Amino acid sequence: MNQQPLITQFSPALKVCGLTQPDQVQELITMNVDFLGFIFYEKSPRYVLNHLSLGDIAQINHQGKVGVFVNEKVEKIVEITKKGKLNLIQLHGDEDAHLIIELKKQLPPDVKIIKVIRIGNDTVENKNKINQTFSNNIEEQNQQPITYYLFDTDSKAFGGTGQQFDWNVLNEFEIPLPYFLSGGISEGNIKNIELLDQKPFAIDINSKFEIAPGDKNVDKIKKFKTIIQESPNGTI
């Protein structure tokens, strides 16, 4: 295969989301994957508590454990965060600034918050949604310290669709925080990151790297990690 330039000296972090299998989690830790995503949304086919207890998750020795929540109550998020010893909270629903402010007050101080912006097919709606989210963060920045954004494909299932949104919409904005890029990312489209003006802090992968929901293809992830982080001069 002909090698084409991706991005010179671009080496994003890697997040693998939707984990449910302890042996696979350990393999990813051995591979030095940066973030491990556990979904606490009961309607998800990757709902982690169907497979692991909070005690099991607490015992996982990793500093990038991400709990993914969808329109959950603050008290429940805080309880799960503490019992599972989570490091980051990913808000994947329609959580507003007031909820995020209250959540930050109750979380352990070292736990970081990722706010997801779901991108659909309506360009005008997408731009309004992004503008509103960024504006809220600026207005409440002393109280609502979101650490990262995450851009994902919008769906009724709140993620895990395997579908890519139009990344060009991100070039319409100056993104004020480091961000995760998600939504149908695979070996086949990762090279298109070179078209983004602001490069993602991290790549978030899920369904394109599965044998079945929650059952990851670790060999495929290992190959992908090599592509984005270890290829000479940032090429594939």
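Residues numbered from 1 in each chain as written. Predicted model: local features only at pLDDT ≥ 70, side-chain atom pairs only at ≥ 80, totals over all residues. Heavy atoms only, no water.

Visitor: Which parts of the structure should I look at to understand helix α1 (residues 22–30)?
Guide: Given 3.6 residues to a turn, an α-helix orients residues that are three or four positions apart in the same direction. Residues of α1 that are buried include every one of Q24, V25, L28 and I29, and no others. Projection of α1 onto a plane perpendicular to its axis shows the buried side chains occupying an angular sector of 145 degrees, all on one side. Along its buried surface, α1 packs onto β1 (13–16), β2 (35–39), β10 (215–216) and α6 (218–229). Residue N32 follows α1 closely and has a positive phi angle near 65 degrees. (Buried < 20%, exposed > 50% of the residue type's maximum accessible area, 1.4 Å probe, protein only. Helix = DSSP H or I, 4+ residues; strand = E, 2+ residues; numbered from the N terminus. Arc of directions from axis to C-beta. Contact = heavy atoms within 4.5 Å.)

Visitor: Looking at this structure, I do not really get the nonpolar core. What am I missing?
Guide: For soluble globular proteins, nonpolar side chains are generally found buried alongside one another. Counting residues in each nonpolar core, the largest one holds 57 residues, and the members touching the most others are F38, F151, L181 and I203. Tallying contributions element by element places α6 first for this core, with 5 residues. Beyond its immediate chain neighbours, meaning those up to four positions away, L181 contacts F151, F165, W167, L170, I193, L196, P200, A202, I203 and D204. With 15 residues, the next largest nonpolar core counts C17, Y41, V66 and L88 among its residues. (Core = buried A, V, L, I, M, F, W, Y, C linked by side-chain atoms within 4.5 Å.)

Visitor: What should I look at first to understand the pattern of salt bridges in this one?
Guide: In a structure, side chains of opposite charge can pair up when their charged atoms sit close to one another. For the coordinates displayed, the defined rule picks out 7 salt bridges. Between R46 and E210 there is a salt bridge, with the nearest N and O atoms lying 2.8 Å from each other. Here the residue R46 occupies a position in the loop between β2 and α2 (54–58), and E210 occupies one in strand β9 (residues 210–212), the gap between them amounting to 164 residues. Just as R46 is buried, E210 falls in that class too. Each of R46, E210 and K216 takes part in one network of salt bridges that share partners. (Salt bridge = Lys/Arg side-chain N within 4 Å of Asp/Glu carboxyl O.)

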